[in-house]
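What follows is the residue order along each chain.
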Amino acid sequence: MKDFPKKIWLIVLFFLLLSLSINLLKENHEKEEVLGINNKNIEEVVIEESLNIAKAQLDISNKSVEKNEVYVPYYWKNGLNVDSKDYLLGYIPSINSFYEYYVSKNKILLGVNPRKYDYDMEEVMNVVDNREMIFSNGILNESQYFQWEENLCDSFRLDSVGKKIFTCLNWLNWSGIELSKKSFVLTDCSIEDTDGYCLFEEYSEIYYDSKKLGEKRCFQNENEEYLCDYDEYVKQIEYN
């Protein structure tokens with residue numbers, strides 16, 4: 001009888017420990033349900049995460065060795081002097097704004113969209129070699145239209161600029177003006193791991209001449225801020 005209280009306490013202690021163990025197991029199970037994982041798939045989650053990290057690193061390395069970097073003129077995206085909206089004060093629209101204006105003007109005056117011409121590189125070389133060109137800071141191209149495509153693009157060397165020239169039919173043939181009447185702009189770029197210039201048809205002269213039709217302010221005012229000559233106007237573009 002002396003050992004009876006001791007046995008009772010052992011039994012009580014056993015049930016207390018058993019109850020505590022059950023509660024701990026239950027709590028862990030609830031946590032796993034909240035997290036959406038269990039012992040079986042914890043390892044799979046870790047493996048999947050490590051694969052994603054490896055894939056991200058692979059993507060970065062591929063990006064760094066991309067061989068074609070086409071840079072379009074900076075102002076083609078942003079325009080210049082956009083606050084004034086006055087070409088005589090140096091306003092030059094972005095290429096999107098210009099093209100909307102140009103297409104609507106052609107439709108109203110001529111009833112047609114700009115036509116397309118076919119050129120070969122020899123024609124381009126002959127014309128470009130005899131024309132003054134604008135040099136502009138570039139911004140990395142984001143447009144599908146101005147991407148480098150080998151079947152539509154080519155390169156040649158001009159001694160007058162001392163670098164290789166890269167150009168594509170799309171880059172020279174969007175205004176519908178004959179090649180001999182076009183003006184051109186160059187940006188630094190890197191194609192097929194070679195540094196050189198990307199050559200594009202330039203629209204500033206088309207825009208300036210178009211806006212100047214019927215313009216009288218240059219004759220009636222002595223406003224020194226007015227750019228009444230295209231050569232003055234184009235200086236706004238150089239290296240912008």
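Residues numbered from 1 in each chain as written. Predicted model: local features only at pLDDT ≥ 70, side-chain atom pairs only at ≥ 80, totals over all residues. Heavy atoms only, no water.

A. Structural detail: the sheet that holds strand β6 (residues 183-191). Taking strand neighbours across the sheet as the criterion, the five strands line up as β2-β6-β7-β5-β4 in an open arrangement whose pairing is mixed. Single-partner strands in this sheet number two, and they are β2 (133-135) and β4 (153-158). Taken pair by pair, the neighbouring strands of this sheet meet at an average axis angle of 35 degrees, ignoring direction. The pairing of β6 with strand β7 (residues 194-202) spans nine bridges and is antiparallel. Its bridge partner lying in β7, Thr187 is registered against Cys198. Sitting on the sheet, helix α5 (residues 121-128) touches β2, β4, β5 (163-168), β6 and β7, and the angle it makes with β4 is about 40 degrees. (Pairing = 2+ DSSP bridges. Helix = DSSP H or I, 4+ residues; strand = E, 2+ residues; numbered from the N terminus. Axes fitted to C-alpha atoms, helices over the stretch in contact; angles between N-to-C directions. Contact = heavy atoms within 4.5 Å.)

B. Representation of unusual backbone geometry. One non-glycine residue, Asn81, adopts positive backbone phi at about 50 degrees. Along the chain, Asn81 turns up in the loop between α3 (74-78) and α4 (95-109).

C. Spatial organisation of the state of the cysteines. A full pass over the atoms with the stated rule returns three disulfides. Two residues, Cys218 and Cys228, share a disulfide whose sulfurs are 2.0 Å apart. An S-S torsion of about -90 degrees defines the bridge between Cys218 and Cys228 as left-handed. Of this pair, Cys218 sits in helix α8 (residues 217-220) while Cys228 sits in the loop between α8 and α9 (230-234); the two residues are 10 residues apart in sequence, bridging distant segments of the chain. Judged by relative accessible area, which is 23%, Cys218 ranks as partly exposed. For the protein chain, numbering the cysteines in disulfides from first to last along the sequence yields the connectivity 1-2, 3-4, 5-6. (Disulfide = S-S within 2.5 Å. Buried < 20%, exposed > 50% of the residue type's maximum accessible area, 1.4 Å probe, protein only.)

D. Local environment of the pairing of β6. By the criterion of burial, β6 is predominantly enclosed, with eight of the nine residues buried. Across three bridges, β2 lies against β6 in parallel orientation. What sits directly across from Phe135, in β6, is Leu186. Turn length for the β6-β7 hairpin, with the two strands adjacent in sequence and antiparallel, is two residues, and the turn residue Glu192 shows positive phi of about 50 degrees.

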